[in-house]
Structure formats: C-alpha cells, structure tokens
Amino acid sequence: MSTLEVKDIVAGHGQLCAVHGVTLTVKPGEMLFVLGSNGAGKTTLLRSIAGDHQAEGGSVALSGVDVSRLSAHHRARSGLSLVPEGRRLFARMTVRENLMLGASTSREGPWTIAAIYEAFPNLAKLDRSLAGKLSGGEQQAVAIGRALMGDPMAIMLDEVSLGLSPAAVELAYEALKKVRDMGLALLIVEQDLNRALANADDLIVMCEGHVTLRTKPAETSLETLAAASFGHEEGAVA
Amino acid sequence: MTSQLINAVLLGGYYAVLATGLAFMFSVMNIINLAHGAFIILAGFGLFVLGSDLGVPLPLAIVIMIGVMFVVGFILHRVVLSRASGGGELLPILATFGIAIILDNLMFQVFGADSKSLAPMVGDLAWASYELPGFIFIGKISVYILTAGIVMIGALEWMLRRTTLGHRIQATSQDRATASLLGIDTGRTAAIATGIALATGVVAATALGLRSAWGPYDGSAQLLFAFEAVVIGGIGSLWRVLIGAMILAFAQSMGAMIHPQGFLISGHLAFLAAVFVRLGGRSFSLKSLLAKGARA
C-alpha cells in the first residue's frame, strides 16, 4: 500500500487556479520528485496536501486513511510532514528548541534529539545556538531534523536546494537517502533537474498546474525534463 | 524626596501588575485587549463575592479566581478573538472594546454603583507598614504588590522560554502556519495564552482591591495606566513592562512634586513622549507604536 496517496487535487488562490487535478502516490522507501518552473503550482500542491492551504477538491490518504477533512495539525499528527520553502525555523529559538517543537505531533517512533545529532553530526555542536544565526545548510538540516522529530510516515520538502551551497545540498541529500532507506515516503520539490535525475525513484514534471510528464530517471533525459517543465506534453521533445 | 522615590517604585510595581496581562496578550498574540481593565474589575468582583459574601479566605479566593479567569480567557479566545484576529489588527481592538462596554454595564446591573474594596478581608495588613531608616514608612501591601509583579513577570518569562507550552505559544505567535505543520493545535495554544493573560488580571484585581476601592466602571482607568506602561516600556520582553511602569510612576511622582495637579498630566506627557520616539516619523501602526513587533 502507498504511504501517500493524492487524488485529483484542485487548488487556487482566489480566481487563479494553481493546481488542476494532480494525482500522485509515494510508496514507503520511495523518493518522488516534483519538478517544474516557477509558478507551476508545486508549492501550492504541497501546501494543499499538508492542509496548510485549503484545497478546492481532491483527496489525500496516508497509509490508506483519508485525511482530506483534517486540519494541518491533525494531518501532522497522522504522520504527514512538510518542510516548507525557506525552512521557516523559529529564528529566536535554539536548535534544540526548534527540534523539540517537531515532537509536538506526539507520535511514537525512533527519533530523538540524540538520533537527529547522529544523522546530522554538524548540528550537535550548534545545540544551543539560535536558529536564525545558522548558515542556510545548517538551517535546512534543522528543518529536516524538526520534521523527523515528529516521527512522520511521509515527508514533503519544498525547494530543498534553494539558496544552499552545493556542499550543503549534498549533505541534505545524503541525509534524505538514509531517511528513505528507513522506509519513509519522500515527496521532494526541486528546481535542480540534475539533482533530481541523480536521486529520484520517480519523477513528475508540472507546468501551469498540470502534470506534463511522469517518468523514471533511467527512462528520461535532462532535455525531456526541461521540455516538459515548459509545457510540452509527454512524448513531444522540443 | 527619598520617600517620594520609594513610593514611585512601589507605584510602578502596581502599574506593572496591571500591565503584565495586556503586554502578554500583545507580545504573544498581537492582540490589544481593550477589555483588560474590565476583566480586572470582573475578577475583583469575583474575589469580593467569594471573600465577603461566601467567607472564603483571600488566598483561596485568588486561586479559585485564577482558575475561573483562565477558563473565561480560554472561552473568550475561542468564541470572539479567534474569529476577530483573522480580520486584521483593528478588528480585535473593536471586539474587545465592545466586550469592555458590555462587561462594564453588566457589572453595574449586577453589583450596583457602590465602591467595593478587599481591604477589610486582610485586617491589619491594610494599614501595616515597614519603617525604614530616616523615619520613612512604606505600606506592606505596596511592597507585596511590587514583589508579586516581579514574581509574575519572572514566572511568565520562564514559562515562555523554558517550557514546552511556552515554546508552543512562541511558535504560534511567530509563525502560525508553520506551528500547525509541526502538529501544534494553534487555536488551543492561543486560547491557553489568553487564559493566562486573564489569569494575571486576578493578581491585578487583588492589588487594586487592597490598595483602594473600585466601582463597576473603573476598568478603563486601569486600562489606561496599563496601556501607557506597555507603550512606554515597549515589546520584546515582559521585563520591559516593569521598566515602562516604573518610568510612568516616576513621571507622575515628579509631576506631583512640581504641582499638586501635575500627577496625571506628567504621566500622560511621558506616554506621549514615548509615542513620538517610537513612531519617529514612521506611519502609524500598532507594530511601530510598540516597536520591534514579535517577541524574542
């Protein structure tokens, strides 16, 4: 059974429809990438799945349980986590306090502060530092750690590599691969097509709120992905 | 002169007690609760009914009323403030202003216009004093009120910085959407914060009732001093409220030394000076009035 099952999500901002019926599934231990240019509706899709944005239609199920009618904090407690764009850490709290807030889901699981510091060794020495003072890479590590502290079944990450150095992105993906190997479902929004090709199990490309391509890294190329993200339908190569 | 300075410090302690709940509400929820004074008076009547009519000892009555006002605050947020705060910064102000008017008149209906005091419930303590060197006497109650203010602010700061609840309140106040994504029930957290703010009003009501007497319409006078103390001190840490309250009390005491009627005027002048410094040419908004916005 799929961990995350999203059907026909329709979402918009006022008159503008940003997501026109997107369907996707993520299995345990799978990393699904959603690609697309700015304004493709990726962030709205993720926020709608998490319950942070009110979807106009469609359904979201976690391990077969429909959570479409639950509010954002109940979805988080059901095991669905979103690492938002820009990380959104609480800047004036310490790393430890940020991580502890992640445990607000009150779920059972393997993640503790010690386990997070084992997964991200560079965070251990920053334990008492204010989150706002960290580098982008360190903040991303805290944001991922904070999501893990809630012991989720599925984690969605928005714009993982945005604003990070290549080395920091590398570290973040190392950690995400370990998390995937533990059996979590990962749904990742990424602008960097090369990064997606190197790490994905499955790929979805969106343009103007529609899915224009569903594929796997072995069956596609950079050119095909780029073409799809500019709106060329499946099969038609620019 | 020494005596006046000491009395100004003690008066500042009283203003700090009045203002703590108001500052807590604004700094953690960005709501200016114009009914804060009316809720203090309501808590005062509650203490009076428990103490004078039912014969409950004052300390027990305070504990009971803290529980009652917490529940009142929780319900207030659930029923009124959670809806009002979705509509910009002006709507909660208007909503709490309306609540203040309703409460004032309800209390007039129920309790009449007579002044009430809690002083008879504490016997000798009402006029007991400490003697300091130099033939200076200071009221014991004033000292207790100052102590209560410091303890209350210290306890709230500790709660916000060191406890899970405090961190959840801060998270809810700084970034409600992200707090929800972490599994925090932000509506419930904000309602608890409102309950805590109103519970501090019980301490203020006790201070008011022991220092003097109050009537059903005295809420707005309490609110005015509390609001001035908050604006003078600014937002950021609740300790700033104590500083603001001290400055207000010093200004009033200095004014009274200059002219017998200078007490209120110079307090208001200190408030206006703080407003002009804060705004400093910027356009008016609650955020710039209270400076720096979100708490640390």
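A short tour of the structure in this document, coming up. (Residues numbered from 1 in each chain as written. Chains lettered and ligands numbered in written order. Predicted model: local features only at pLDDT ≥ 70, side-chain atom pairs only at ≥ 80, totals over all residues.)

## Quick word on the overall build of chain B
Item 1. Of regular secondary structure, chain B possesses 12 helices and four strands.
Item 2. Taken over C-alpha atoms, the radius of gyration comes to 19 Å for chain B, in line with the 19 Å a tight globule of 296 residues would show.
Item 3. Dimensions of chain B, computed from C-alpha atoms along their principal axes, come out at roughly 60 × 50 × 35 Å.
Item 4. A total of 296 residues make up chain B; the buried ones form 48% of that total. (Helix = DSSP H or I, 4+ residues; strand = E, 2+ residues; numbered from the N terminus. Rg over C-alpha atoms; globule rule 2.2 N^0.38 Å. Buried ≥ 20, exposed ≤ 12 C-beta atoms within 10 Å, placed from the backbone.)

## Comments concerning the interface of chain A and chain B
Item 1. Every contact between the two is made by 20 residues of chain A and, on the other side, 17 residues of chain B.
Item 2. Residue assignment for the side of chain A that touches chain B shows that the elements contributing at least two residues are α2 (72-77) and α3 (95-102) of chain A.
Item 3. Split into classes, the residues belonging to the side of chain A that touches chain B amount to nine nonpolar, five polar and six charged. (Contact = placed C-beta atoms within 7 Å. Nonpolar A, V, L, I, M, F, W, Y, C, P; charged D, E, K, R; others polar.)

## Considerations on the nonpolar core
Item 1. The biggest cluster of nonpolar side chains holds 87 residues, and the ones touching the most others in it are Y15, A19, A229, V230, V241, A245 and L248 of chain B.
Item 2. Ranked by residue count, the leading element in this core is helix α1 (residues 2-29) of chain B, at 15 residues.
Item 3. In this structure V230 of chain B touches A19, L22, A23, F26, V241 and G244 of chain B, once residues within four positions along its chain are discounted.
Item 4. Ranked by size, the runner-up nonpolar core spans 81 residues in total, among them I49, I155 and L186 of chain A together with I184 of chain B. (Core = buried A, V, L, I, M, F, W, Y, C linked by C-beta atoms within 7 Å.)

## Quick word on the sheet that holds strand β8 (residues 185-189) of chain A
Residues and elements named next belong to chain A.
Item 1. Spatial ordering of the open sheet is given by β6-β7-β8-β3-β9-β10, a layout of six strands whose pairing is mixed. What marks the edges here is a single partner per strand, and that holds for β6 (80-83) and β10 (210-215). Direction aside, the axes of adjacent strands within the sheet are offset by 20 degrees on average.
Item 2. Where strand β9 (residues 202-207) and β10 come together, five bridges link them in antiparallel fashion. Within the sheet, the bridge partner assigned to M206 lies in β10 and is V211.
Item 3. Relative to the sheet, helix α9 (residues 222-229) contacts β3 (31-35), β9 and β10, its axis offset from that of β9 by approximately 35 degrees. (Pairing = 2+ DSSP bridges. Axes fitted to C-alpha atoms, helices over the stretch in contact; angles between N-to-C directions.)

## Quick word on the sheet that holds strand β1 (residues 4-13) of chain A
Residues and elements named next belong to chain A.
Item 1. With antiparallel pairing, four strands are arranged side by side in an open sheet as β2-β1-β4-β5. Strands with a single pairing partner mark the edges of an open sheet, and in this sheet they are β2 (16-26) and β5 (65-66).
Item 2. Sheet analysis places β1 next to β2, joined by eight bridges and oriented antiparallel. Directly across from L4, in β2, lies its bridge partner V26.
Item 3. Taken strand by strand, helix α1 (residues 42-50) contacts β1, β2 and β4 (57-62), and its axis lies near 115 degrees from that of β1.

## Some points on the packing of helix α2 (residues 36-53) of chain B against helix α3 (residues 58-84) of chain B
Residue and element names in this part refer to chain B.
Item 1. In the contact formed by α2 and α3, the axes pass within 9 Å of each other and the chain directions differ by 135 degrees. Relative to α3, the element α2 lies oblique. Once α2 is placed against α3, the crossing between them reads as right-handed. Across the interface between the two elements, F39, A43, G46, L47, L50 and G51 of α2 pack against L58, A61, I62, I64, M65, V68 and M69 of α3.
Item 2. Of the residues in the contact of α2 with α3, the class split is 11 nonpolar, two polar and no charged. (Parallel < 35°, antiparallel > 145°, perpendicular 65-115°, else oblique. Left-handed = near helix turned anticlockwise from the far one by under 90°.)

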